[in-house]
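Residue-level listing of the chains:
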Amino acid sequence: KANTHPGNISFREEAKKLRNWYESSSKSEKFTISAMLVDLVRERGGRFLKRDDKQTGTWTEADANDVRKKASQALREGRKHQ
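These numbers come from a predicted model, not from an experiment.

Parameters at a glance
- Residues numbered from 1 in each chain as written.
- Predicted model: local features only at pLDDT ≥ 70, side-chain atom pairs only at ≥ 80, totals over all residues.
- Heavy atoms only, no water.
- Helix = DSSP H or I, 4+ residues; strand = E, 2+ residues; numbered from the N terminus.
- Expected span 1.5 Å × (residues − 1).
- Buried < 20%, exposed > 50% of the residue type's maximum accessible area, 1.4 Å probe, protein only.
- Arc of directions from axis to C-beta.
- Contact = heavy atoms within 4.5 Å.
- Core = buried A, V, L, I, M, F, W, Y, C linked by side-chain atoms within 4.5 Å.
- Axes fitted to C-alpha atoms, helices over the stretch in contact; angles between N-to-C directions.
- Parallel < 35°, antiparallel > 145°, perpendicular 65-115°, else oblique.
- Nonpolar A, V, L, I, M, F, W, Y, C, P; charged D, E, K, R; others polar.
- Phe/Tyr/Trp six-rings, centres within 6.5 Å; stacked < 30°, edge-to-face > 60°.
- Lys NZ or Arg CZ within 6 Å of the ring centre and 35° of its normal.

Caption draft 1: Summary view of helix H2 (residues 27–43). When the terminal C-alpha atoms of H2 are compared, their 24 Å separation across 17 residues agrees well with the 24 Å that a helix rising 1.5 Å per residue should span. The complete set of buried residues in H2 reads Ile33, Ser34, Leu37, Val38 and Val41. Buried residues along H2 cover an arc of 140 degrees about the axis, so they all sit on one side. Among the exposed residues of H2, those oriented more than 90 degrees off its buried face are Ser28 and Glu43. The elements touched by buried residues of H2 are helix H1 (6–23) and helix H3 (64–76). Just past H2, the residue glycine 45 takes up positive phi, approximately 90 degrees.

Written out as structure tokens, the structure is:
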């Protein structure tokens, strides 16, 4: 399962380290932090893949906007609800 892939686990761990900073930041800073998370993953040789809708069982590189949105989502996960 994709959720248990070592790269995804590492991605979530890095997002967790940045979460408090992200939550206390302005909207423009949040954009920068999510981009930093993406860059960190890529610097370590990671990729952001999505299932190819046209060919079952294949994966393709996700586009940059989707990748940054995914990073932002990961940075919001687990935040405290008040």
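Caption draft 2: Structural detail: the nonpolar core. By size, the foremost hydrophobic cluster in this structure holds 14 residues, and its most contacted members are Phe11, Leu37, Phe48 and Leu75. Those elements giving two or more residues to this core turn out to be H1, H2 and H3. Excluding anything up to four places from it in sequence, leucine 75 contacts Ala15, Leu18, Arg19, Tyr22, Glu23, Ile33, Ser34 and Leu37.

Caption draft 3: Structural view of the packing of H2 against H3. For the pair H2 and H3, the least separation of the axes is 9 Å and the interaxial angle reads 105 degrees. Our classification of the angle between H2 and H3 gives roughly perpendicular. For the pair H2 and H3, the contacting residues are Phe31, Ile33, Ser34, Ala35, Leu37, Val38 and Arg42 in the first and Val67, Arg68, Ala71, Ser72 and Leu75 in the second. Class assignment of the residues belonging to the contact of H2 with H3 gives a composition of eight nonpolar, two polar and two charged.

Caption draft 4: Local environment of the packing of aromatic side chains. The full count for this structure, using the stated rule, is one aromatic pair. Ring centres of phenylalanine 11 and phenylalanine 48 lie 5.6 Å apart, and the angle between their planes is 85 degrees; this geometry places the pair in the edge-to-face category. On the criterion of sequence distance, the pair formed by phenylalanine 11 in helix H1 and phenylalanine 48 in the loop between H2 and strand S1 (49–51) is long-range, its members being 37 residues apart. Accessibility expressed as a relative area gives 9% for phenylalanine 11, which makes it buried. By relative accessible area, which is 10% here, phenylalanine 48 ends up buried. Looking at lysine 30, its charged tip hangs above the ring of tyrosine 22, at a distance of 5.3 Å from the centre.

Without other data, these values stay purely geometric and don't point to any function.
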